[in-house]
Amino acid sequence: MVATAVVIVGAGPTGLLLAGDLAAAGVACTVLERRAEETNLTRAFAVHARTLELLDARGLADDLVATGARVGVLRLFDKVEVDLSRLPTRFPFLLVTPQYHTERLLEERATALGAEIVHGAEVVGLGQDRGGVEVQVRAGDRVRTRRASYVVGADGVHSTVRQALGLPFPGRAAVRSVMLADVRLDDAPAEVLTANATGEGFAFIAPFGDGWFRIIAWDRRHQPPDSAPVDLGELRALTHRVLGSDFGMREARWMSRFHSDERQVPRYRVGRVFLAGDAAHVHSPAGGLGMNTGLQDAVNLGWKLAAVVNGWAPDGLLDTYQAERHPVGRGVLRTSGTLLRVALLRPRALRAVRGLVGGVAARSGPVVDRAAGRLSGISLGYPGPSGGHRLAGTRAPDVPLAAVGRAPRRLYEALRGGRFVLLAPAVDQATAAGGWACRVAAVTPGAGPPAAGARSSRAAVAMLVRPDGYVAWASDERDPERRTAALRTALAEWCGQPSEQRHPGEARVQA
């Protein structure tokens, strides 16, 4: 029997990011992937601003941005568009890049940090007791058992882990017989993303950056089973009807059909087993929210699992994964579902109203900002404690830090160490250093103009930021003694009892 602290089932983006975070925290983890080989066939190609911020906190964002194209204004259909360029972030855009680039960077990071990734390993059974979880794994003709303290199912919509837990996956099919294809275009569209929806269907074109384009299309008048082949002529004709041109479509290297479901599992945790990504929630491709939501699941769960495995946090911390991420998943289902149903409006009169309302909304700054914040994930947060500070649970902006030698210059650079980050005056930093330095990096907010995403009007005197980039605690208290007392209570609550142990990620903070 092979034993490890955490087994992750599924080497997609969600599982790979989680593996890297656990390995960075010194937690032994193994990723089991059913596929024996990598594949360049992918459905996801949209990386939103909040996801880029979280990748920035891992030193990966700039490399990923270099692989793709930026979209500042997301045009959905008719006059309905979302302006992302106003987002308060270093990444005021949607990044269009094939999923395999995201997976490559995440796998390289996870492997470099010591995570074990096993391809050609299919999970065929799972059982747990009070002390751990046993996973039956088939590799070739042999079935072996792996035992772990915890298991995370990141194995997609047909999750074996979810089925082994006996959990329902309630929901419905949102749209059937959606066509996917990778094609070449003789006359590429002028915009990075090209999309529209009419009464007859919808079509969407995105570049891979290597001469191939991904087409997603749906024909209301022709909806054969998912197993039916896609004809390039059919795809060309539908694209022309919906977009006004087929852009010289030719030479498909891959074509398929799928149906898009809207489903969410009721429980993200069952004992020592967790679900993340598509294993926990699936929804329509509208808005490009799927992969992003899964990656943010991993970011939320990773530091909590590491804290419990490393012994400084109680098991109850793991229950907050359900409490925080399940409502977010439910909101994503509503958002993507609404976008899809509005796109599929059939009556001409309703589509005219859609265009009129969309045009009016596009000229309203507050409406645009709310839509951009929700789609990008920038405005999403978690409920703060009753009576807590107004910032508790909100996304921490990337504030500038005081320039000291080779120390991090921005908050999200400081987060690369995998610890909590305390932004506070020197007296509070001394408190954090007194037994919490292994889990808390103390930094000084910088002077001068705020970094992208920083809103000085919302600044607190002291702020404790979780490893996942959300505010754990903040204080406006000006009296140092009272603030120090409150800080000590917050540190004990969030970061466990004082210890002089060195954090595994301390040496990996990148300036």
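Residues numbered from 1 in each chain as written. Predicted model: local features only at pLDDT ≥ 70, side-chain atom pairs only at ≥ 80, totals over all residues. Heavy atoms only, no water.

## Points about the environment of Q296
For Q296, the position within the fold is in helix α7 (residues 290–309). Residue Q296 is classed as buried on the basis of its relative accessible area, which comes to 9%. Residues Q296 and G377, 81 residues apart in the sequence, show an inter-C-alpha distance of 9.4 Å. Sequence-distant contacts of Q296, defined by excluding residues within four places in its chain, comprise R50, T51, L54 and R325. (Helix = DSSP H or I, 4+ residues; strand = E, 2+ residues; numbered from the N terminus. Buried < 20%, exposed > 50% of the residue type's maximum accessible area, 1.4 Å probe, protein only. Contact = heavy atoms within 4.5 Å.)

## Points about the confidence of the model for the protein chain
Summary statistics for the protein chain give a mean pLDDT of 88 and a share of 88% for residues scoring 70 or more. Counting interchain partners and residues more than four positions distant, the pLDDT-below-50 stretch residues 507–511 has 16 contacts. (pLDDT = per-residue confidence, 0-100.)

## Notes on the packing of aromatic side chains
Scanning the entire structure with this criterion turns up 11 aromatic pairs. Ring plane angle 70° and centroid distance 6.2 Å describe the contact between F274 and Y321, whose orientation is recorded as edge-to-face. In this pair, F274 is assigned in strand β18 (residues 273–275) and Y321 in helix α8 (residues 319–343), connecting sequence segments 47 residues apart. By the burial criterion, F274 is buried, and Y321 matches it. On the numbers, 6.4 Å between centres and 70° between planes, the contact of W312 with F420 is edge-to-face. A residue pair is termed long-range when its members are at least 10 positions apart, and W312 in the loop between α7 and α8 and F420 in strand β20 (residues 420–423) qualify at 108 residues. Clustering of aromatic rings is evident, with ring pairs tying together Y150, Y268, F274 and Y321. A cation over an aromatic ring shows up here: R162 above the ring of F169, its NZ or CZ 3.8 Å from the ring centre. (Phe/Tyr/Trp six-rings, centres within 6.5 Å; stacked < 30°, edge-to-face > 60°. Lys NZ or Arg CZ within 6 Å of the ring centre and 35° of its normal.)

## What to know about the pairing of strand β21 (residues 440–443)
As defined by bridge partners, β20 adjoins β21 across four bridges and the pair is classed as parallel. Opposite L423, over in β21, you have V443 as the bridge partner. In this fold, the crossover linking β20 to β21 by way of helix α12 (residues 426–433) has right-handed handedness. (Pairing = 2+ DSSP bridges. Right-handed = clockwise from strand over helix to strand, strands pointing away.)

## Brief notes about the sheet that holds strand β4 (residues 69–71)
If you trace the three strands from one edge of the open sheet to the other, you get β3-β7-β4, paired in antiparallel fashion. Because the sheet does not close on itself, it has two edges, and the strands there are β3 (46–47) and β4. Pairing geometry for β4 and strand β7 (residues 94–96), over three bridges, is antiparallel. Paired with R70 across the strands is L95, a residue of β7.

## As for the sheet that holds strand β13 (residues 194–197)
As a general point, the strands of a sheet are linked pairwise by backbone hydrogen bonds and lie either parallel or antiparallel. Spatial ordering of the open sheet is given by β13-β14-β15-β12-β16-β19, a layout of six strands whose pairing is antiparallel. Only two strands of the sheet have a single partner each, and these edge strands are β13 and β19 (281–282). Here four bridges tie β13 to strand β14 (residues 201–207), and the two strands are oriented antiparallel to one another. When the bridges of β14 are listed, T194 appears paired with I205. Strands in contact with helix α6 (residues 232–243) are β12 (171–185), β13, β14, β15 (213–219) and β16 (249–264); relative to β16, the strand with the most contacts, it is inclined by about 70°. (Axes fitted to C-alpha atoms, helices over the stretch in contact; angles between N-to-C directions.)

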